[in-house]
Every structure is written in C-alpha cells, then in structure tokens.
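Observations on the model geometry
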Amino acid sequence: MLIKRTPQGEFVANRDDPYLPLDAEQPIPVDGKVLLSVDRLIRDGEAVGRRTAPTGVQLQPGDDVETLRPWASRLGLVVLNFPSFRDGRPYTAAVLLRERLGYGGELRASGNVLREQAELLCRSGFDSFETSDGSSAQEWAGAARRVRYAYQGRRPVAPDPRPAGANRDLADAS
Amino acid sequence: MAFGMYRYDAIDKAIVQDRAAEFREQVQRRLAGEISEDEFKPLRLMNGLYLQLHGYMLRVAIPYGTLSGDQLRTLAEIGRRFDKGYGHFTTRTNIQFNWIRLRDAPDILDMLASADLHAIQTSGNCIRNTTADPFAGAAADEVDDPRVWSEAIRQWSTLHPEFSFLPRKFKIAVTATGADRTASRFHDIGLRLHRRENGDLAFEVMVGGGLGRTPYVGQTIRRDLPPRHLMSYLTAILRTYNRLGRRDNLYKARIKILVASLGADEFARLVEEEWREIDKEQVDLPAGEVKRIRESFGMRAFAALPADSQRLEQAKAGARGLAAFVRTNVLPHRQPGYAVVNVSLKAPGEAPGDCSSEQMDRLAGLADRFSFSEIRVTHEQNLVLPHVRLDDVPDVYAELEAIGLATANINLASDIIACPGLDYCALANARAIPLAQEIGRRLADPDLAADVGEFKINISGCINACGHHHVGHVGILGVDKKGEEFYQLTLGGSPGLDDAAIGDVLGPALPFEQAPAAVEAIVRAYRRERLPHERFLQTYRRVGLTPFKAAVYGNAH
C-alpha cells in the first residue's frame, strides 16, 4: 500500500505509483516518470538531464545522499529503502536530503515499513510511505499523530506532532 | 542553595501520557492475537518490557538517578501490586521489576506517567537514560548542576526521529566535578563540565568508552565545547555514528568499535565536519529554554548551620554502630552542617540492588522528612539521601536500621556490584547474585572491612558486563564451560576519570565453589603486600599480578 501525506497533513492511499522502475539494462526514456537506482543516475546523468518528465531515484541505506547534490532540485521522487525497520540510516539520509540538500520533492520510505515508524518518518521529512504491514491510510494517520508534541527541532517538519520548543516559546510570550 | 528537581510541564506530561496510551493499544492488539510475538517484540522493547527467564521484566527509567519521595512511593506501589513486593536497582541507575504480567504493563505505564516517570528508551538501540553524578547539588567542587544538562539531554533524546534505530544502544554520562562518580570514560559519550581559565563553562567531550565484550576507555575529542552548542554537537556525533557504525555484527556495533577502527582523531574530524554544517538554530536549545529547564528545578534553601553537630557527636559517642555508619556512609556536603547519606543496598546475604516496597516507602518518608524529598540512585546500586542535616543523622540512622538498610559498607569489600545473572537474565552464563552474597558474607566483618578500606568487587554473569566487571578492583566474569559455571577474575580495573583502567586477567577461570576463597586470598595478599596507607589499586599497580596469582593459584599450579 502506498500512502502519501498531503501538504495539508492528510494521509491518502494511492493505488498506483506513476513511477516506472527501470532496471540496469532498460534505456532511459525522454518522457514518462521513471525510477532509477543511484548508480544508474550517476552513470547515465546525461540521458537523465535530457528528460522532460520527473525522475525518481532509489537509495539503499549504504548510499551517500551527497551524491544527489547536483540533482536535488531536479528530482521528483527519492525512495529510501529500509531493508529492516531496525536499520536507522534512512532517517539520517532523509534529514540530510531535506535540510542540507534542500530537496523538496516526494520522499518515500520503502521496504520494511511499519506503522510504528509513522511518526518518526514524518518528522524526519518523509511524506510518502510504501507500507509493508497492511496499514490503511487511516491507521497510518492515527499512528503518525499519536504523540501530540515532539521535543526536537524549532520549526515543525511535519504538521503533527508540534515541536515542544516552539510551543514553550508561545507560552512564554503569552 | 542547591537545585531541586525538574518539574514536568504540560508538554512533558502529554508526551509520556501519549506514549503510555500508544503502548496500551499495542498490548491490546497482542493480547487479541492481532500481532505475533515477533511483531510485538520491538514495540514492547521500546517501552522497556523484556521477556526474561521467568516472564516479563519491566525496566523503568530513573532519569539521571534522581527520584522524589512521591516517585519512590509509586515504584514501591508497583512492586507491591504488580511484582513480588520488591524492585531491583541496576548499574544504569534504573529500576527493574522481574515478575510482570503483560496485561498489567499498560496500567503500570499509566501509574508511572502520573508520577512523571516512564520506561521510554530503557531498551532498544537508542539513546538510553543519562547517568549523572549522584551527589549533584551536594558536591563541593561542582561547577554547575549536571542534572540541568542531563534533563536537556533527556528531552532532546526522547523519541528522537533520527536516532531511535541506531546500530546499537547508546549511553551518555554527565559529570561536573573533578571526582567522577559516573564512570564517564566508560560511556558512549562522557561529558565533563568544567570552567575554562576565562571562567566560562565548557564541556570536555569523550567518546567511544564502554565495557561489554570489548572494553575501551573513552577518548577526548573536544576539550572546550560551549554548552549552548551541546545538542548540535551531540547530534553531529550521533549522526556520524548512525551513518557509519557497523550493522553487520551485533558485537561490533557500538560506537567504541567505530572510534577504535577510525582512530579518535579521524572520528573527531568527521564529527567537526558534520557539526560545521548543522543548522544550529534548529537543533541547539535557545538560551531561554535552558533557563526554563534550570528554573524548573527550583532551589533548595539550606539553613545556616555550624559545620559540626554536637548532637551527632554526642550520639556517636555512645553508639558503635552509628559511629561506623558515619565513618563509611556519611560524606561531606558543600553546605556546612549538612551531609550526603549513602544507603547501602548490599546488606550481607541480600541481592545487591534489591529493595522491598516496604523499604522504598520508608525511605521515601525519610527523604520527605530529612532530605528535601530527594533520593538518588548510584551506578554502584546504592541509594543516596543527598541533603541531610548532620543533626538529623542519628534519626536517619535509627530509621534505616529499623528497615535493614543501615549497612555500613559503602565502597568497602562487601559493597559488591552485581548484575541479575542467571537467576533472572536470559543472556547470562552464570549466577552473579549468590556469588555476591557469599563473598559479601565472607568480607562483611567490620574490622576486616575497615582494615582493607576501599575495595570494589564487580560481578557480571556474562560478557555483556552489566556488573561492570572490567572496572572492578576485582572483576568477576561468569563464563560457561561445557554447561558448568566458571568465573574469570580480573584485577586493577577502575572507573575513575583520571585513573580509568580495564582490569587484567588473573589466570584460569574458577568453579563457583572456589571463587569466594580466591577473593579472600586476594584480600589477604593485598594486606601482606601493601605499604602504609596504600589503597588496593596503588598496591596492585606497584606489585603487579604475580603475588596475587601465587595467592590464588599457588597450591594448584
């Protein structure tokens, strides 16, 4: 099930994924949404540069997000794979993509993705979730909003939960 | 004046309440059979619920080892209602309940939340409870109260979106005096708050210390970190570890292995590089927030008292027991007329760290009456009443004696640190508690103990080293040899900041029956070899293993 968070903070189920995964041998088309491995993106950068439709790229936990720096403003989708929900590297990758590389497109968690991670994923900057536990959009939304406040950060990354720091500032000001 | 205790605001309360509600729903799903034990395991571990030999064990966080009287009474009530009437204080200054039923766990978490306590991040590969100086607020040479910074770390690390699935568990210690009582060099990160020559506060940052299978002494990677950048610097360390730490081998996943394999200099360079890039506005606490946390602790106003107490001196004159207690368990306080009173959980024959609900209740009462309602937990598995008037020490002693907690053995040979071992733990190779009890009995004689002086024995039931055996003057490690319990002895370990050391292996492991006699032989050899006023560690470092080897193995080899 693919669940996406809208800019308004709603979670909606998407039956189909418009991005077509390409394997290492398939030629890169000029149009149509496609999903590439990071190796392919680097190797065939020229062909990707000629494309007229959004391109997606998939990273494994060991891949360095810095390699996406030249592409950050041009990608439509970045997929970060969780081989196991216990592998926490994609959270750091997501934070770096959003904060350091300024990536503003769709950021998707794939692989072993469980609703118990929903809140942490949202707060790390993910807004798209290929779940592996059969969660409905409603269940996912419930899990993402279970805790009202978060201690980390000053600016909210996701609509929920709210950063405690900012709310304490408000309390101070009133 | 000293700092009191941090008071939860509405936001702190909401976070622990929401977390408890979330776990209640997960337990319901498990009890209804909607999720399997495999799926449930990571969820219960995130809430401190382990499956041990006898059933579920709940580990409750005692943030930086500080408890109020009311909080201790809540723990007593949990022990009474949901366990067998006691709890076990651990070397991580947490408390464990060993006989918990799954269906009760949500109610227990609610009770904890109502007392501003929780079990969040007491297990799993995340940032665990922070260790702080148990004498905070009472230590004479303290440059600031380490609990202010420990509370800031507690909040920053709680349900951290980026650092909840690290390669392995992660432990931070904060100390603010020269005399380190936190074993900071044996934590993943040790923070020593000190004053620079210009008078500014700064953190010395140590990384990569740890015990377990491969012990390492932490390395200093920054001497003078301005406190306002603590969170961004911790973030840089954790981020570097999260990215580069090994995940292919459980036994090589701690940060100490990463630091050792890169070298401390290279690790420091990577951290500095990361730190320069971090958006500090987003991560660091604004001065106002540090001030809010600091003020939330409140201040304890001490009475102006003479430095000596006639009442105590007179009471001591007629009572040998009180005099011995004052000599070993009562330590100087920075405020004249006050003392730090240590409460030993190592009475002869008792399991180290165990405390009954009745004892907890009465200790809470003592804290209310005599110590501003404050109790501390030490990593040596003892308790502390941090601010007691010298005048009140006789009353405190009498009450402690009435509840079996007046054992005068702090830092003496029978003040043994031991993990739960094979009696409770699913990982253990050997028993630790019965061995501690037997050694404690043999070394309990007050005259012998006083003559031997400071002597630290640490017992771990397996290589995971929860009993911190590497840093014991005498370390004892339980090993399994073809299904039999054996014990390997090490000598010369120390958790101190300046003399941190990992013990040296004495010789072949011994069976259970021979281990207590071996420790006695080591004590005898020390008394024979020592120069006047020499402590065990000094003697050991001067004479080395040989005389101790001869004392233990002489006849057999």
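The residue numbers shown here count from 1 along each chain, following its written sequence. Numbering of ligands from 1 and lettering of chains from A proceed in the order in which they are written. Given that the model is predicted, a residue must reach a pLDDT of at least 70 before its local features are reported, and side-chain atom pairs must reach 80 or more before they are shown or counted; all residues, however, enter totals for whole chains, interfaces and linings.

**Describing the overall build of chain B**
To keep things clear, this is the line we draw: Comment: elements are numbered from the N terminus, with helices defined as DSSP H or I runs of at least four residues and strands as E runs of at least two. Only C-alpha atoms enter the radius of gyration, while the globule expectation follows 2.2 Å times N to the 0.38, with N the number of residues. With C-beta atoms placed from the backbone, a residue counts as buried when 20 or more other C-beta atoms lie within 10 Å of its own, as exposed when 12 or fewer do, and as partly exposed for counts between those limits. A residue pair is marked as a contact if its C-beta atoms, positioned from the backbone, fall within 7 Å.
Scanning chain B for helices and strands turns up 19 helices and 23 strands. Computed over C-alpha atoms, the radius of gyration of chain B comes to 23 Å, within 12% of the 24 Å expected from 2.2 N^0.38 for 557 residues, which places it in the range of a compact globule. For chain B, buried positions account for 57% of its 557 residues. Here the analysis covers contacts within chain B between residues at least 6 apart in sequence; of these, 67% occur between residues at least 24 apart.

**Thoughts on the overall build of chain A**
Of the regular secondary structure elements, chain A holds six helices and ten strands. In terms of C-alpha radius of gyration, chain A reaches 17 Å, essentially the compact-globule figure of 16 Å for 174 residues. Each principal axis of the C-alpha atoms in chain A carries an extent, and together these give about 60 × 35 × 30 Å. Counted over contacts in chain A with a minimum sequence separation of 6, partners at least 24 positions apart contribute 42%.

**Quick look at the sheet that holds strand β10 (residues 201-207) of chain B**
All names here are of chain B. What counts here: A pair of strands is labelled paired if DSSP reports no fewer than 2 bridges between them. Orientation is described by lines fitted to C-alpha atoms, with helices fitted over the stretch in contact, and by angles between N-to-C directions that extend from 0 to 180 degrees.
Taken in spatial order, the five strands make up an open sheet running β7-β8-β9-β10-β11, and their pairing is mixed. Edge positions in the sheet fall to β7 (131-132) and β11 (219-225), since each of these pairs with one other strand and no more. In terms of strand pairing, strand β9 (residues 189-195) meets β10 through seven bridges, oriented antiparallel. Considered in β10, the bridge of His194 is made with Ala202. Running at roughly 40° to β11, helix α8 (residues 264-277) makes contact with β10 and β11 of the sheet.

**Points about the environment of Leu435(B)**
Residues and elements named next belong to chain B. On the secondary structure map, Leu435 appears in helix α15 (residues 433-442). Since 24 C-beta atoms lie within 10 Å of it, Leu435 is described here as buried. Counting along the chain gives twelve residues from Leu435 to Asp447, while the straight-line C-alpha distance between them is 22 Å. Residues within four places of Leu435 in sequence aside, it is in contact with Ile459, Ile476, Phe512 and Ala515.

**Comments concerning the interface of chain A and chain B**
Taken together, the contact between chain A and chain B spans 28 residues of the former and 28 residues of the latter. By residue number, the principal contributor to the side of chain A that touches chain B is helix α3 (residues 89-100) of chain A, which donates six residues.

**Some points on the sheet that holds strand β5 (residues 55-59) of chain A**
Residue and element names in this part refer to chain A. Taken together, the eight strands give an open sheet; going across it, the order is β2-β1-β8-β7-β6-β5-β4-β3, and neighbouring strands pair in mixed fashion. Strand pairing shows two members of the sheet lacking a second neighbour, β2 (11-14) and β3 (20-21), which therefore form its edges. Looking at chain direction, β5 and strand β6 (residues 75-82) are connected through five bridges and run parallel. Bridge assignment links Val57 to a residue of β6, and that residue is Val78. The strands touched by helix α5 (residues 137-144) within the sheet are β1 (2-5), β2 and β8 (128-130), with β2 carrying the most contacts at an inclination of about 145°.

**Remarks on the pairing of strand β17 (residues 383-389) of chain B**
Residue and element names in this part refer to chain B. Counting buried positions over the seven residues of β17 gives seven, a clear majority of the element. The sheet contact formed by strand β14 (residues 338-343) and β17 spans five bridges and is antiparallel. In the strand pairing of β17, Ala339 is matched with Val388. What sits between strand β16 (residues 374-377) and β17 in their antiparallel hairpin is a turn of five residues, with Gln381 showing a positive phi close to 70°.

**Section: α8(B)**
Put simply, the rule reads: To estimate the expected span of a helix, count its residues, drop one, and scale the result by 1.5 Å.
In this model, α8(B) (14 residues) spans 20 Å end to end at C-alpha, consistent with the 20 Å of a helix rising 1.5 Å per residue. If you follow the buried residues of α8(B), they end up packed against β10, β11, α6 (230-244) and α7 (255-262) of chain B.

**Structural notes on the confidence of the model for chain A**
All names here are of chain A. Let me state the cut-off plainly: A residue's pLDDT is the predictor's confidence in that residue, given on a scale from 0 to 100.
Mean pLDDT over chain A works out to 91, with 95% of the residues at or above the 70 mark. Looking across chain A, the model is least confident in helix α6 (residues 164-173), with a mean pLDDT of 61, and most confident in strand β7 (residues 106-111), with 98. In this model residues 170-174 is a low-confidence stretch, pLDDT under 50, and it forms one contact with partners more than four residues away in sequence or in other chains.

**Observations regarding unusual backbone geometry**
Residues and elements named next belong to chain B. The phi angle at Tyr64 is positive, at roughly 40°, despite the residue not being glycine. Looking at where Tyr64 falls in the secondary structure, it is placed in the loop between β3 (56-60) and β4 (66-68). Although it is not a glycine, Ser373 sits at a positive phi angle of roughly 60°. Residue placement: Ser373 occurs in the loop between α13 (357-370) and β16.

**Here we look at the nonpolar core**
How we decide: To count as a nonpolar core, a set of buried Ala, Val, Leu, Ile, Met, Phe, Trp, Tyr and Cys residues must be joined through C-beta atoms within 7 Å.
Ranked by size, the top nonpolar core spans 211 residues in total, and within it Val78(A), Val393(B) and Ile522(B) carry the most contacts. Considering each element in turn, this core owes the most residues, eight residues, to α6(B). What Val393(B) contacts, discounting residues up to four positions off in sequence, is Leu312(B), Val326(B), Val330(B), Ala339(B), Val341(B) and Val388(B).

**What about the confidence of the model for chain B?**
Averaged over all residues, the pLDDT of chain B is 95; the fraction at 70 or higher stands at 99%. Quick note on the complex model: pTM equals 0.94, ipTM equals 0.95.

**Topic: helix α4 (residues 105-114) of chain B**
Residues and elements named next belong to chain B. The condition is simple: By construction, the arc corresponds to the directions joining the helix axis to the C-beta atoms.
Within α4 the residues assigned to the buried category are Ala105, Pro106, Ile108, Leu109, Leu112 and Ala113. For α4, the angular spread of buried residues about the axis comes to 160°, placing them on one side. The secondary structure elements touched by the buried residues of α4 are α1 (10-31), β2 (49-51), β3, α3 (69-82) and β6 (95-100). Of the residues flanking the end of α4, it is Asp116, one or two places downstream, whose phi is positive at about 60°.

**Description of the environment of Arg524(B)**
Residue and element names in this part refer to chain B. Of note, Arg524 is situated in helix α17 (residues 515-529). With 13 C-beta atoms packed within 10 Å, Arg524 lands in the partly exposed category. Each C-alpha atom, one on Arg524 and one on Val217, is 30 Å from the other, the two residues being 307 residues apart in sequence.

**Focus: the packing of α1(B) against α4(B)**
Residue and element names in this part refer to chain B. For clarity, the threshold we go by: Relative orientations are named as follows: roughly parallel for angles under 35 degrees, roughly antiparallel for angles over 145 degrees, roughly perpendicular for angles from 65 to 115 degrees, and oblique for any other angle. Here the nonpolar group is Ala, Val, Leu, Ile, Met, Phe, Trp, Tyr, Cys and Pro; Asp, Glu, Lys and Arg are the charged ones; every other residue, Gly included, is treated as polar.
Remark: α1 packs on α4, axes separated minimally by 9 Å, with the N-to-C direction vectors making an angle of 175°. Looking at the two axes, α1 sits roughly antiparallel to α4. Only Ala105, Pro106, Leu109, Asp110 and Ala113 of α4 make contact with α1, whose side of the interface consists of Val16, Gln17, Ala20, Phe23, Arg24 and Val27. In the contact of α1 with α4, the residues fall into eight nonpolar, one polar and two charged.

**Focus: the packing of α3(B) against α13(B)**
Residue and element names in this part refer to chain B. Where α3 contacts α13, the axes come no closer than 8 Å and their chain directions differ by 170°. Classed by the angle they form, the pair α3 and α13 counts as roughly antiparallel. When α3 is examined against α13, the residues Gly69, Leu72, Arg73, Leu75, Ala76, Gly79 and Arg80 are found in contact with a partner set consisting of Ser357, Met360, Asp361, Leu363, Ala364, Ala367 and Asp368. In the contact of α3 with α13, the residues fall into seven nonpolar, three polar and four charged.

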